[in-house]
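# Observations on the model geometry
Residues per chain, in single letters:
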Number of protein chains: 2
Amino acid sequence: MQLLESRIIRDGKVKDGSILKVDSFLNHQMDIELFGEMAKEFYSLFASENVNKILTIEASGIGIACITAQAFHCPVIFAKKTKTKNIAGDVFTAKVESFTHGVTYDVVVSKEFLSPDDRVLIIDDFLANGAALSGLASIVKDSGATLVGAGIAIEKAFQPGGQMLREKGMRIESLARIKGMSENGVEFC
Amino acid sequence: MQLLESRIIRDGKVKDGSILKVDSFLNHQMDIELFGEMAKEFYSLFASENVNKILTIEASGIGIACITAQAFHCPVIFAKKTKTKNIAGDVFTAKVESFTHGVTYDVVVSKEFLSPDDRVLIIDDFLANGAALSGLASIVKDSGATLVGAGIAIEKAFQPGGQMLREKGMRIESLARIKGMSENGVEFC
């Protein structure tokens, strides 16, 4: 998606060779008008899939997921990273290793909100090693729902998650796929 | 707001006398069409305030904030609850005590995204003891920006946050104000 790639080139910052900071428009400050354009793109890619639930993971996937859900006229469920007093015991869980934070955490979705009748689109801001996406896919599988695919804002295609999950048969549509990056800039696939 | 109150009565669940579970439409599964109606209400309340930034806190405020930002045509900033490798050192911080989780955490906003020129509307899903809202307001103050007020989905008016912050001069507009609740139901102000 040209608009997103241009924005990454203009406002993204590469740190330490493999961290792409896009916090001025994607995952700390969020450009909602950009999200609207991304939502149109996700809708055009998955419009025929009869999506009735969008699944994402807290926190930075939520904004993109909510704007995208307007196009699909469906609710969003966000997987929570820790159990809280406010989540009932009856949950689907998966373990997710965060390479950014160097920790492994449980992600949970209440069983009330996913069932075999659902057709689920996963939306997230980043795909790199695929840990979050694998965890979300495993939750969808456990629920018996159908996973129609995943819509990702930025895929680091030089990391293994995208290839690994596509080889397992997952449909993944990434709006910007990064082939490589360095302090000198970002190159797209 | 009648629509939100009706939804709380229909789908909210009171646990242990003071916890209101609204996770089927507000803060785990999110009803985006409902958020659209809430956004219209927030816009009508704050339309004259020239809001140019919406500030919220991860995770459950993000969805409402993003849909509301569409009405104001402005970006959303979400305060993060822990420092991550991906946030630069130059941040505004505040300590927030979570009564739900029984912990105190730091919330941070990068200094890049708030400045004295900004007119900030805080959006959040709940107001109870006012800890999160106080923390966000203190971040806005530290930045030199103008806080035009706070738009809250559900205020537990029987807890002290709303009164305390209004007495300090904060404009708070809550779409549903709960006077009291028990296993028998919810009563609005």
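One structure accompanies this document, and this report is about it.

Cut-offs used in this document
Residues numbered from 1 in each chain as written. Chains lettered and ligands numbered in written order. Predicted model: local features only at pLDDT ≥ 70, side-chain atom pairs only at ≥ 80, totals over all residues. Least-squares fit on C-alpha atoms with pLDDT ≥ 70 in both. Contact = placed C-beta atoms within 7 Å. Helix = DSSP H or I, 4+ residues; strand = E, 2+ residues; numbered from the N terminus. Nonpolar A, V, L, I, M, F, W, Y, C, P; charged D, E, K, R; others polar. Pairing = 2+ DSSP bridges. Buried ≥ 20, exposed ≤ 12 C-beta atoms within 10 Å, placed from the backbone. Right-handed = clockwise from strand over helix to strand, strands pointing away. Axes fitted to C-alpha atoms, helices over the stretch in contact; angles between N-to-C directions.

Turning our attention to the relation of the copies chain B and chain A. Structural alignment of chain B on chain A gives an RMSD of 0.0 Å, achieved by rotating through 180° and translating 0.0 Å along the axis. Here the symmetry operator amounts to a two-fold rotation axis. When you check the interface residues of chain B against chain A, 100% turn up at the interface there too, and the contact is symmetric in its surfaces.

Let us look at the interface of chain B and chain A. Taken together, the contact pairs 30 residues of chain B with 30 residues of chain A. When contributions to the side of chain B that touches chain A are tallied by element, the ones reaching two or more residues are strand 2 (19–21), strand 3 (29–30), helix 3 (62–72) and strand 5 (76–79) of chain B. Considering only residue class, the side of chain B that touches chain A consists of 13 nonpolar, 10 polar and seven charged. In terms of strand pairing, strand 3 (residues 29–30) of chain A meets strand 5 of chain B through two bridges, oriented antiparallel. Each residue of the ladder has a partner; that of A:Gln29, found in strand 5 of chain B, is B:Ile77.

Another point: the pairing of strand 5 of chain B. The alternating pattern of strand 5 of chain B places B:Val76 and B:Phe78 on one face and B:Ile77 and B:Ala79 on the opposite face, and all of these are buried. Viewed along the sheet, the connection from strand 4 (residues 53–57) of chain B through helix 3 of chain B into strand 5 of chain B turns out right-handed.

Attention now moves to the sheet that holds strand 3 of chain A. Within the open sheet, the seven strands sit side by side as 3(A)-5(B)-4(B)-8(B)-9(B)-10(B)-11(B). Their pairing is mixed. Edge positions in the open sheet fall to strand 3 of chain A together with strand 11 (185–188) of chain B, since each of these has one partner strand only. The sheet strands contacting helix 4 (residues 131–143) of chain B are strand 4, strand 5, strand 8 (119–127) and strand 9 (146–156) of chain B, and the helix crosses strand 8 of chain B at an angle near 170°.

As a further point, take the sheet that holds strand 9 (residues 146–156) of chain A. Ordered in space as 11(A)-10(A)-9(A)-8(A)-4(A)-5(A)-3(B), the seven strands form an open sheet in which the pairing is mixed. Strands with a single pairing partner mark the edges of an open sheet, and in this sheet they are strand 11 (185–188) of chain A together with strand 3 of chain B. The sheet strands contacting helix 3 (residues 62–72) of chain A are strand 4 (53–57), strand 5 (76–79), strand 8 (119–127) and strand 9 of chain A together with strand 3 of chain B, and the helix crosses strand 4 of chain A at an angle near 175°.

Below, the discussion takes up the environment of B:Lys80. Residues and elements named next belong to chain B. When you line up the elements, Lys80 lands in the loop between strand 5 and strand 6 (91–98). Using a count of 24 C-beta atoms within 10 Å as the deciding quantity, one classes Lys80 as buried. Residues Lys80 and Ile57, 23 residues apart in the sequence, show an inter-C-alpha distance of 6.4 Å.

Our focus in this paragraph is the environment of B:Ile57. Residues and elements named next belong to chain B. Its place among the elements puts Ile57 in strand 4. The exposure class assigned to Ile57 is buried, which follows from the 27 C-beta atoms found within 10 Å. In this structure the C-alpha to C-alpha distance between Ile57 and Ser174, which are 117 residues apart in sequence, comes to 17 Å. Setting aside chain neighbours within four positions, we find Ile57 in contact with Phe78, Ala79, Val107, Asp124, Ala132 and Leu136.

This next bit is on the environment of B:Ala71. Residues and elements named next belong to chain B. Position of Ala71 relative to the elements: it lies in helix 3. Residue classification places Ala71 among the buried positions, given that 20 C-beta atoms sit within 10 Å. Each C-alpha atom, one on Ala71 and one on Glu167, is 29 Å from the other, the two residues being 96 residues apart in sequence.

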